[in-house]
Every structure is written in structure tokens, then in C-alpha cells.
Amino acid sequence: MQKITPHLWFDKEAKEAAAFYVSAFGGDSKVGDITTLSGTPSGDTDIVPFSLWGFEFLSISAGPYFKPTPAISFMINFDPSQDADAAKNLDALWAKLSEGGKVMMELGEYPFSKRYGWVADKYGFSWQLILTDPAGEPRPRIIPSLLYITDSGVAAEEASNFYLSVFKNSKRGEIARYPAGMEPNKEGSIMFTDFTLENQWFTAMDGSSKQHKYAFSEAVSLLVNCDDQAEIDYYWEKLSAVPESEQCGWLKDKFGVSWQISPTAMNEMMTTDDKAALKRVTEVFLKMKKFNIAELQKAYDGV
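Model, not experiment: these values are computed from the prediction.

Here we take up the overall build of the protein chain. Scanning the protein chain from N- to C-terminus turns up 7 helices and 16 strands. Computed over its C-alpha atoms, the radius of gyration of the protein chain comes to 20 Å, within 12% of the 19 Å expected for a compact globule of 303 residues. By its C-alpha atoms, the protein chain is 65 × 40 × 35 Å across when sized along the principal axes. Put simply, the protein chain has 303 residues, and 51% of those count as buried. When contacts within the protein chain are restricted to residue pairs at least 6 apart in sequence, those whose partners lie at least 24 apart make up 63%. Total accessible area computed for the protein chain in this model is approximately 14200 Å², and 50% of it derives from carbon and sulfur atoms. Positive and negative charge centroids in the protein chain, built from 30 and 42 side chains respectively, lie 2 Å apart.

Our focus in this paragraph is the packing of aromatic side chains. Evaluation of the coordinates by the stated rule reveals 31 aromatic pairs. Relative to Trp53, the ring of Phe25 lies with its centre 5.0 Å away and its plane at 70°, an arrangement referred to as edge-to-face. Of this pair, Phe25 sits in helix α1 (residues 14–25) while Trp53 sits in the loop between β4 (43–52) and β5 (55–61), placing them 28 residues apart in sequence. A cation sits over an aromatic face here: Lys122 above Phe20, 4.4 Å from the ring centre. The side chain of Arg141 reaches across the aromatic face of Trp53, ending 3.7 Å from its centre.

A word on α1. Taking 1.5 Å of rise per residue, the 12 residues of α1 would be expected to cover 16 Å, and the 16 Å separating its terminal C-alpha atoms lies within 8% of that figure. Residues of α1 that are buried include every one of Ala14, Ala17, Ala18, Phe20, Tyr21, Val22, Ala24 and Phe25, and no others. Positive backbone phi, approximately 65°, marks Gly26, located one or two places after α1.

This brings us to the sheet that holds strand β13 (residues 200–208). A sheet is described by the order of its strands in space; here 8 strands give the open sequence β7-β8-β9-β6-β10-β13-β12-β11, paired in mixed fashion. In this open sheet, the two strands that pair with only one neighbour each are β7 (102–110) and β11 (171–177). When the angles between neighbouring strand axes are averaged without regard to direction, this sheet yields 20°. Note that strand β10 (residues 142–150) and β13 share 6 bridges and pair parallel. By the bridge assignment for β13, Leu147 is matched with Met205. The sheet strands contacting helix α2 (residues 86–98) are β6 (72–78), β7, β8 (113–120) and β9 (126–131), and the helix crosses β9 at an angle near 165°.

Another aspect to go through is the environment of Asp46. Positionally, Asp46 belongs in strand β4. A C-alpha to C-alpha distance of 29 Å links Asp46 and Tyr234, two positions 188 residues apart in sequence. Those residues within four positions of Asp46 in sequence are excluded, and the remaining contacts are Lys15, Thr35, Thr36, Ser59, Ile60 and Ser61. In terms of polar contacts, Asp46 uses its side chain to reach the side chain of Thr36, at 2.8 Å.

Quick look at the nonpolar core now. Counting residues in hydrophobic clusters, the biggest one holds 84 residues, and the most contacted among them are Tyr21, Trp127, Tyr148 and Trp259. At 8 residues, α1 tops the list of elements feeding residues into this core. If near-sequence neighbours (up to four positions away) are discounted, Tyr148 is found in contact with Ala155, Ala156, Ala159, Tyr163, Ala204, Met205, Asp206, Gly207, Phe216, Phe255 and Val257. Core analysis: the next-biggest nonpolar cluster, separate from the first, contains 9 residues, Met75, Trp118, Ile130 and Leu147 among them.

Okay, the pairing of β10 next. With 8 of 9 residues buried, β10 lies mostly within the body of the structure. Both β6 and β10 contribute to a ladder of 5 bridges, which runs antiparallel. Its bridge partner being in β10, Met75 is matched across the sheet by Ile143.

We now examine helix α3 (residues 156–166). Looking at α3, one finds that the buried residues are Ala156, Ala159, Ser160, Phe162, Tyr163, Leu164 and Val166. Summarising the contacts, the buried residues of α3 are in contact with β10, β11, β12 (190–197), β13, α4 (229–239) and β16 (258–263).

What counts and how
Residues numbered from 1 in each chain as written. Predicted model: local features only at pLDDT ≥ 70, side-chain atom pairs only at ≥ 80, totals over all residues. Heavy atoms only, no water. Helix = DSSP H or I, 4+ residues; strand = E, 2+ residues; numbered from the N terminus. Rg over C-alpha atoms; globule rule 2.2 N^0.38 Å. Buried < 20%, exposed > 50% of the residue type's maximum accessible area, 1.4 Å probe, protein only. Contact = heavy atoms within 4.5 Å. Areas by Shrake-Rupley, 256 points an atom, 1.4 Å probe, with all protein chains shown as cover. Lys, Arg positive; Asp, Glu negative; His and termini not counted. Charge placed at Lys NZ, Arg CZ, Asp CG, Glu CD. Phe/Tyr/Trp six-rings, centres within 6.5 Å; stacked < 30°, edge-to-face > 60°. Lys NZ or Arg CZ within 6 Å of the ring centre and 35° of its normal. Expected span 1.5 Å × (residues − 1). Pairing = 2+ DSSP bridges. Axes fitted to C-alpha atoms, helices over the stretch in contact; angles between N-to-C directions. Polar contact = N/O pair within 3.5 Å; in protein donor to acceptor, adjacent residues only side chain to side chain. Core = buried A, V, L, I, M, F, W, Y, C linked by side-chain atoms within 4.5 Å.

Quick look at the structure:
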């Protein structure tokens, strides 16, 4: 299980979208066991886990409350040193993801890559497809990418430094800064950086509100799987910065990114065949802000 799992929010299309992504990516991609929760504010709610090339996602159909933005996208690396048909396979995936979607940056050659494009798919979620430099340090095939849009144009370095201080097994990778003459981007701000949190790679970059008019959305959150209550308490205290956003294990950090701090024990509870136990757990966690493992376990056991 990944320590940090991207969570995608859909109105009612989670099952359809997961099947689409699995078909588009192919390989060892698959849809996991689907859970349907009853009695939520959104009615019957589907929770749909899926993996793309071994990278885990979680999705939910829970009503038309949040819409994805390009502030969080997923970088898809195609490495010619590992795949002789990398460029061909990049183009094939681009064709599938762009159908019915919106192109953010046209597929083509850029100073940083011989083949790159940024697209929002037909569900609104964003993907960056890039042909990587075989001489560079290897990176995973799928990496969550965070774009910090601010009036100052400077936030990505502070944010990534903050996350590096919060999460263990973390390190900075590459860092590239905007040079002069790339207005409205501010000289010296982050054009690109990557880093690991709990040995998982992420990327970050700065953007100017003079150029982009979107922000982070709860439609893409980052779920942290916690082994015990002490770990839940730790991440909750470190990350939560918007009290009114605290609900059902969700929080929002000081940069606007949404996180879910969830016990690993919830995975068993959510996939149980015991519908009465699932109903009890659902009723209890809907009333919580920060999750309390002991109370969830009592509900699950019917104590």
C-alpha cells in the first residue's frame, strides 16, 4: 500500500472513469474492489480504488460539489532507456486522454523535452505526458504534480520545504528556477522541482495569478494512510490550517492543498461484506473531523 494515495472526486462517474483509465493505460493497471456507502449526504456513494501501472489511486462518486483543476496533475514519464517505443506509447496514451478533453499545452517539442503535452481529460483531471531524458536520474512512471498559483508567483519552494519537514523518508531532487524574461513568472521562482515524501516522488512549480485563474480543489486530495492514532494525530496537527475544512478525515493545509488523514484499518472496514458493520462505521465517521481509530473499531465490531 502506498503511504500517500491520490484521491479523485467525481459526481457519479467514478466507476466509469476508473474503467476508462485502466483501459487507456493498460499493462498491469486494474480496478480494485468497489464499495458502496449508503446514508451519506450524497446518498449512495461509490468508492472505487484503481491502479495505473502499479501506482494506486482512490476515487469516489459523491455528488457535484468539487471540480478538478490543473493545480494538481499527474506527470506520466516515458523513458526511452526503458522502453524502445516510448515516444509511440506516449502518443497513443495522449490520443486516449485528450479525446473529449481540453489541451493545456500542445503535444510537441519543448526546451525541456523532445515530446511533451499537458491535457485535461474528459472528466476534467489533468495529465502531463513527457518523454524523459535517458541520461537523467530515473523517476517513477507516474508522479503527482502541484502547481502553486499565487499573486506573488512564489510559493512552491516554501510549500515543498514544508512537506519535506513534515514527512519522513523525504528528500529534494532537482530544482530549476525561472530566469529573467519569462514574465509573468517571477525570476528565481520555481519552474520545476521534484522531491520525495515517504519515498514517493512529487513535483511542484510556481505560477502567476496574472496568467492562471485556478486554485487547488478538493476534487484531487492526497490521502495519507496511517498505521495508528499517534500518526493520525501527528499529520493532523502538522497539516491542518483551515478549521472549517476539517470533516470526515479531510483537512486543508496552509497552501490550499486538501489531504485526507486516514487509518489503514479503514481499508478492511470499507471492504467488509458485513453490511451492518459498514453502515455502523459510516454513521460514526460522518460525524468525525479527525478520525478516532478506537471509536471506528468499536462501531465496526458493534460494541
